[in-house]
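Chain residues, written in single-letter form:
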Amino acid sequence: DPTKVKDAASTSQVDYQAVYNAVADVLDSEDYDDGSYGPVLVRLAWHASGTYDKNTGNGGSNGATMRFAPEANHGANAGLDKARNLLEPIKQKFPQITYSDLWTLAGVCAIQEMGGPIVPWRAGRKDGNVENCTPDGRLPDGDKGGDHLRHIFYRQGFNDQEIVALSGAHALGRCHTDRSGFDGPWTFSPTTLTNDYFKLLLDEKWQRRNWKGPPQLEDKKTKSLMMLLTDYALVTDKGFRPYTETYAKDESKFFEDFSAVFKKLLENGVPVAQFSEVVPLKKVEDQTK
Ligand code: DDH
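Residues numbered from 1 in each chain as written. Predicted model: local features only at pLDDT ≥ 70, side-chain atom pairs only at ≥ 80, totals over all residues. Heavy atoms only, no water.

Caption draft 1: View of the domain arrangement of the protein. Splitting the protein by domain gives domain 1 (2–138 + 262–286) and domain 2 (146–252). Taken over C-alpha atoms, the centre of domain 1 sits 24 Å from the centre of domain 2. Each partner contributes residues to the interface: domain 1 has 28 residues there, and domain 2 has 18 residues. Note on domain 1 versus domain 2: buried area summed over both sides is about 1,800 Å², and carbon and sulfur give 57% of it. It is D34, M114 and K264 that lose the most area in domain 1 upon contact with domain 2, and together they represent 28% of the buried surface on that side. At the boundary of domain 1 and domain 2, one finds two salt bridges. For E162, the salt bridge is made with K264, and the minimal N-O distance between the two is 3.1 Å. (Domains from an automatic or database assignment. Contact = heavy atoms within 4.5 Å. Buried area = accessible area lost by both parts, 1.4 Å probe. Salt bridge = Lys/Arg side-chain N within 4 Å of Asp/Glu carboxyl O.)

Set out below in structure tokens:
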């Protein structure tokens, strides 16, 4: 199959560790949020991938269709232009990498550089065009409950354990009133991946925040942290709670499961034949010399 040979050649022309290092280089910025673009890059990788529909096979990271309106303008994607624009000069510097590979690789880089686990990553995604844009409504809304979580994530082929593990990404970053309408961070260390999200969910008292914005919870003690109603479903829902308890007790178990499920998320919907072998992507601190 001549196309296969061509794909293999084009993926092998890219030095992915060099791309990784270029992303790592632009993560920190004093002027942005909590000092790091890491969280918004994780969110870009997730929203590029979380459109997957296992029943039709469409959506997912293959295609990078968030480059186009209407998908760029879906409410859920508000603010992700910041992440896409940050990566644009890197795409120009490494023109052989597809946007879909770059966005997922950047998510892996952000996870690893913010103290998270190694996430095995494979190259080979192809960019689509505007006709491949997914319909609005495939990503979750923060003001709903457990049924909504299952509806959205079962469609992507995830089970209850995987839903809880994926949600642990909310250890990172924050909500912005000018993007989602919600406000604030989930943890006290929003630029480091930890299991604090699960610990805080179980250990703090959460109450409705009294404000004009959309319904969200605040911690009773400091009122400086937030949870979405979907986050709190991981405590109240009998199917989710056992995994929340496990991850709160055992960060290494959370890291192990998060690595596996984040890889799965980033690969959903990509034809297996397109993929390279796993490309070793080392953390900057592990690249000696
Ligand atoms: Fe999320 N997320 N997310 N999230 N998410 C927001 C921010 C971030 C939901 C809603 C929101 C995942 C699951 C869910 C990250 C990663 C992941 C915001 C705030 C909302 C709202 C956006 C803004 O105002 O800027 C809901 C609902 C769900 C769910 O139902 C489970 C998953 C699975 C991930 C993942 O990465 C695997 C990250 C990181 C952020 C922080 C972004 C930032 O700019 O900071």
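Moving on from the coordinates now.
Caption draft 2: Geometry of the site of the ligand. L149, H170, R174, H176 and S180 are the nearest of the 25 residues found near the ligand. At a separation of 2.9 Å, a nitrogen atom of the ligand approaches a polar side-chain atom of H170. One of the side-chain N or O atoms of S180 is found 2.6 Å from an oxygen atom in the ligand. Where the shell around the ligand is concerned, the elements lending two or more residues are helix 3 (38–49), helix 6 (146–154), helix 7 (160–167) and strand 2 (174–175). Tallying contributions element by element places helix 3 first for the shell around the ligand, with five residues. Of the residues assigned to the shell around the ligand, the class counts are 14 nonpolar, seven polar and four charged. (Near = heavy atom within 4 Å. Polar contact = N/O pair within 3.5 Å; in protein donor to acceptor, adjacent residues only side chain to side chain. Helix = DSSP H or I, 4+ residues; strand = E, 2+ residues; numbered from the N terminus. Nonpolar A, V, L, I, M, F, W, Y, C, P; charged D, E, K, R; others polar.)

Caption draft 3: Focus on the packing of aromatic side chains. Under the definition given, this model contains 12 aromatic pairs. Between F153 and F158, the ring centres sit 6.3 Å apart and the planes meet at 55°, which makes this aromatic pair tilted. Each of the two residues, F153 as well as F158, counts as buried. Through a chain of ring-to-ring contacts, three or more aromatic side chains come together here, namely Y197, F198, Y247, F254, F255, F258 and F262. If you follow K91 out to its NZ or CZ, it ends over the ring of Y99, 4.9 Å from the centre. R209 extends its terminal NZ or CZ atom over the ring of W211, reaching a point 4.1 Å from the ring centre. (Phe/Tyr/Trp six-rings, centres within 6.5 Å; stacked < 30°, edge-to-face > 60°. Buried < 20%, exposed > 50% of the residue type's maximum accessible area, 1.4 Å probe, protein only. Lys NZ or Arg CZ within 6 Å of the ring centre and 35° of its normal.)

Caption draft 4: The side chain of D237, seen in detail. Its place among the elements puts D237 in the loop between helix 9 (229–236) and helix 10 (241–249). A relative accessible area of 17% means that D237 is categorised as buried. A polar side-chain atom of D237 sits 2.8 Å from the main-chain amide nitrogen of G239.

Caption draft 5: Seen up close, the sheet that holds strand 5 (residues 217–219). Judged by pairing direction, the sheet is antiparallel, and its three strands sit side by side in the order 4-5-6 without closing on themselves. A strand with exactly one partner marks an edge of an open sheet, and here the two such strands are strand 4 (206–208) and strand 6 (226–227). Across two bridges, the pairing between strand 5 and strand 6 is antiparallel. For L217, the partnering residue across the bridge sits in strand 6 and is M227. (Pairing = 2+ DSSP bridges.)

Caption draft 6: Main features of the packing of helix 7 against helix 10. Packing of helix 7 against helix 10 brings their axes to within 9 Å, and their N-to-C directions diverge by 45°. When the interaxial angle is binned, helix 7 and helix 10 end up oblique. The element helix 7 and its partner helix 10 pack so that their crossing is right-handed. Here D160, Q161, V164 and A165 of helix 7 come into contact with helix 10, specifically with Y243, T244 and Y247. Grouping the constituent residues of the contact of helix 7 with helix 10 by class yields four nonpolar, two polar and one charged. (Axes fitted to C-alpha atoms, helices over the stretch in contact; angles between N-to-C directions. Parallel < 35°, antiparallel > 145°, perpendicular 65-115°, else oblique. Left-handed = near helix turned anticlockwise from the far one by under 90°.)

Caption draft 7: Up close: helix 5 (residues 99–113). For helix 5, which comprises 15 residues, the first-to-last C-alpha distance of 20 Å matches the rise-based estimate of 21 Å (1.5 Å per residue) to within 8%. Taken across its 15 residues, helix 5 has 14 buried, putting it largely inside the fold. G115, located one to two residues past helix 5, shows a positive phi value of around 85°. (Expected span 1.5 Å × (residues − 1).)

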